[in-house]
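# Topology and contacts: notes
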Amino acid sequence: MKNMKIRDTKKRTDNRRIREGDYAKPGVTVQGEWTTFTFDAEKEDSCFVVLKDMQTEKEEKIAVPAEYCMGSVRSIAVADLHLEHLIYDFEINGKTVMDPCAHAIMGRQVWNDSSRSRQQYEVHGAFDVQEFDWGEDVCPEIPREQMIMYKLHVRGFTMDSGTRSVPGTFRALMNRIPYLKKLGVTTVELMPVYEFEEIELPKQQKLPEYIRWKEKQTDQIRPAEKIKEAPSKVNYWGYEPGNYFAVKASYAADPLHASREFRMLIHRLHENGMECVMEMYFPEKVNHNLILEALRYWVREYHVDGIHLLGEHLPITAIVQDGMLSRTKIFYVDFEEKACAASRKYPNLYIYKEEYQYPIRQVLNHINGCSTVVSFGSVLWAMAPSVKPQMETSSGTLSPTSLQAYKIPAAVSSLIAKKPSGRLSLSNKSGVMAMARSRLSHSLIMLSFTGILYFFMASRYPLRRFLVISRCGSAP
């Protein structure tokens, strides 16, 4: 195979030394005196790197030579940039384009900041030059049968953190680790913590010049009344297109060092033998190559233990077969059999379905007037239709013995295998009660008033079982 080499073509433009960059690394990379910018654009496009000093507000444009191109990727390295106070964008054919792979975003440092309207809600790419010493950090790799996952929203979960820390931040969440550990939580799932726009931006509609209203004093019969604008909605959860390579700055006690604070959180979790799973939502139109690069980035740079993927038509086969992600827990609604053909010694695929979440939520909220234990048996019946097809034996029958092969307790196996008539019989109730005492008694007693319990009974490859506790509000 022919080796691909970068041409050593150093130039000088506008008092800047430049050379051809590295096409394999999207976004910005820094190596020694050189800062490399790599982005998607055609060779025929007119491209510039636009730098702005936040202190002096001085702007500088650096032209990207047409020959600095490979396929539809442009890459330029610039020497001797002082990155601490710089922000940047790309200009392609006269249009300003923000770097989709920016490692930091400048403009959203404060949550739901209405003053951003003065700058038309502008955001720009920024440079993450913070170093972090991981020391001897090791991912816990907790077996699935031992997992108890706690799903939370960083801001909501920590808003009552008091004076010991800054509420609504990664730092405050670090102070909650002992509390989570006391609950028996092994894995923390974080709702989106990458950069996203929480403010619903006003739609800008430009009218043609000939129909624009030009107010004159003679047109007014009475003084104009100020129209009260409805308060803008807030995207609290973050399930929309985002900047997938940048930590949410407003979730940090020090927004300018958000990446360092998030790394500290993950490092602290690992020190306590706990895992960190990131929830990431990708709309259908997001480039598949960008999705893969983003997942690798969080694993490589932030040591995350798992990714919960949300969205349709994602490159699941490529994700499952990616070597760098082979020991990262991947949670998704389903996996195709051909995607799981790769032989892996570490089982890292988890089916994550809401059809198991809501029945168990009913159990803990005592919906329909049932006691927790009896409702649990009823919930198993509600789940059975989706579980049964995945656990049929080769003879086409379903028996308690075949279910026990999947390490399901005998009491539960008998309930799923044979539907009782009417209400649960006393014997079945006893079986469920015994199972509940042995498996869930401590969790149900302690966690029913601290969160929402999910019981995910996944199907295939083989059955994946783990408990998930969801908490969106504040912790005690």
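Residues numbered from 1 in each chain as written. Predicted model: local features only at pLDDT ≥ 70, side-chain atom pairs only at ≥ 80, totals over all residues. Heavy atoms only, no water.

## Focus: the pattern of salt bridges
Inspection of every chain in the model, using the stated rule, returns 18 salt bridges. Across the pair Glu197 and Arg116 runs a salt bridge whose closest N-O atoms are separated by 2.8 Å. On the criterion of sequence distance, the pair formed by Glu197 in the loop between strand E15 (194–196) and strand E16 (242–247) and Arg116 in the loop between strand E11 (104–106) and strand E12 (124–126) is long-range, its members being 81 residues apart. Each member of the pair, Glu197 as well as Arg116, carries the same accessibility label: buried. Across the pair Arg263 and Asp128 runs a salt bridge, and its minimum N-O distance is 3.9 Å. Highlighted residues: Arg263 in helix H4 (residues 258–271) and Asp128 in the loop between E12 and strand E13 (148–152), separated in sequence by 135 residues. Since its relative accessible area comes to 6%, Arg263 is described here as buried. Within the structure, one salt-bridge network assembled from shared partners comprises Arg108, Arg116, Glu195, Glu197, Glu198 and Lys248. (Salt bridge = Lys/Arg side-chain N within 4 Å of Asp/Glu carboxyl O. Helix = DSSP H or I, 4+ residues; strand = E, 2+ residues; numbered from the N terminus. Buried < 20%, exposed > 50% of the residue type's maximum accessible area, 1.4 Å probe, protein only.)

## Things to note about the confidence of the model for the chain
Of the residues in the chain, 64% reach a pLDDT of 70 or more, and the chain-wide mean stands at 77. Contacts for the low-pLDDT stretch residues 1–5, under 50 throughout, to residues beyond four places or in other chains number one contact. The low-confidence segment residues 369–466, where pLDDT is below 50, has 167 contacts with residues more than four positions distant or belonging to other chains. (pLDDT = per-residue confidence, 0-100. Contact = heavy atoms within 4.5 Å.)

## Concerning the packing of H4 against helix H5 (residues 288–302)
Across the interface, H4 lies against H5 with an axial gap of 10 Å and an inter-helix angle of 75°. The orientation of H4 relative to H5 falls into the category roughly perpendicular. Across from Ser259, Phe262, Arg263 and Ile266 in H4, the residues of H5 making contact are Trp298, Glu301 and Tyr302. Residue composition of the contact of H4 with H5, by class: four nonpolar, one polar and two charged. (Axes fitted to C-alpha atoms, helices over the stretch in contact; angles between N-to-C directions. Parallel < 35°, antiparallel > 145°, perpendicular 65-115°, else oblique. Nonpolar A, V, L, I, M, F, W, Y, C, P; charged D, E, K, R; others polar.)

## Looking at H5
Here H5 spans 21 Å end to end across 15 residues, near enough to the 21 Å set by a 1.5 Å rise per residue. Those residues of H5 that sit buried are Leu290, Ile291, Leu292, Ala294, Leu295, Arg296, Tyr297, Trp298, Val299 and Tyr302. For H5, the secondary structure elements touched by its buried residues are E15, E16, H4, strand E17 (275–281), strand E18 (306–310) and helix H6 (316–320). Residue Asn287 occupies the N-cap position of H5, its side-chain oxygen lying 2.7 Å from the main-chain nitrogen of Asn289. (Expected span 1.5 Å × (residues − 1). Polar contact = N/O pair within 3.5 Å; in protein donor to acceptor, adjacent residues only side chain to side chain.)

## Remarks on the packing of aromatic side chains
Scanning the model with the defined rule gives 27 aromatic pairs in all. Plain terms: the ring middles of Tyr297 and Trp298 are 5.7 Å apart, the flat faces sit at 75° to each other, and that makes the pair edge-to-face. With respect to burial, Tyr297 and Trp298 carry one shared label: buried. Given a relative accessible area of 4%, Tyr297 falls into the buried group. (Phe/Tyr/Trp six-rings, centres within 6.5 Å; stacked < 30°, edge-to-face > 60°.)

## Here's the deal with unusual backbone geometry
Although it is not a glycine, Glu141 adopts a positive phi angle of roughly 50°. Among the structural elements, Glu141 can be located in the loop between E12 and E13. A positive phi angle, close to 60°, is found at His303, a residue other than glycine. Relative to the elements of secondary structure, His303 occurs in the loop between H5 and E18.

## Here we look at the nonpolar core
If you look at the biggest cluster of nonpolar residues, it comprises 59 residues, and the most contacted ones within it are Leu190, Phe262, Trp298 and Leu309. Residue contributions to this core peak at nine residues, all from H5. Those residues in contact with Trp298 that sit more than four places away from it in its chain are Tyr194, Tyr244, Phe245, Ala246, Val247, Phe262, Met278, Met280, His303 and Val304. In this structure, Tyr23, Phe39, Leu81 and Ala246 belong to the second largest nonpolar core, which totals 25 residues. (Core = buried A, V, L, I, M, F, W, Y, C linked by side-chain atoms within 4.5 Å.)

## Describing the environment of Gly27
Its location among the elements puts Gly27 in strand E3 (residues 27–31). A relative accessible area of 0% places Gly27 in the buried class. With 12 residues separating them in the primary sequence, Gly27 and Phe39 have C-alpha atoms 6.2 Å apart. Not counting residues within four places of it along the chain, the set of residues in contact with Gly27 comprises Thr36, Phe37, Thr38, Asp99 and Cys101.

## Some words on the side chain of Ser326
Tracing the sequence through the fold places Ser326 in the loop between H6 and strand E19 (329–332). Of the residues examined, Ser326 reaches a relative accessible area of 15% and is grouped as buried. In contact with Ser326, not counting residues within four places along its chain, are Arg344, Tyr346 and Asn348.

## A few points about H4
If you check H4, its first and last C-alpha atoms are 20 Å apart, about what 14 residues at 1.5 Å a residue would give, namely 20 Å. Burial runs high along H4: 10 of the 14 residues are buried. Of all the positions in H4, only Ala258, Ser259, Glu261, Phe262, Arg263, Leu265, Ile266, His267, Leu269 and His270 are classed as buried. The inward-facing, buried residues of H4 contact helix H2 (170–175), helix H3 (177–183), strand E14 (187–190), E16, E17 and H5. Two residues or fewer after H4 comes Gly273, characterised by a positive phi angle close to 70°.

## Here's the deal with the pairing of strand E4 (residues 34–40)
Moving residue by residue along a regular strand, the side chains alternate between the two faces of the sheet. Along E4, six of the seven residues are buried, which leaves the element largely enclosed by surrounding structure. Of the pairings in the sheet, the one linking E3 to E4 comprises five bridges and is antiparallel in character. Its bridge partner lying in E4, Gln31 is registered against Trp34. Hairpin connection from E3 to E4: two residues lie between these consecutive antiparallel strands, with Gly32 at a positive phi of about 65°. (Pairing = 2+ DSSP bridges.)

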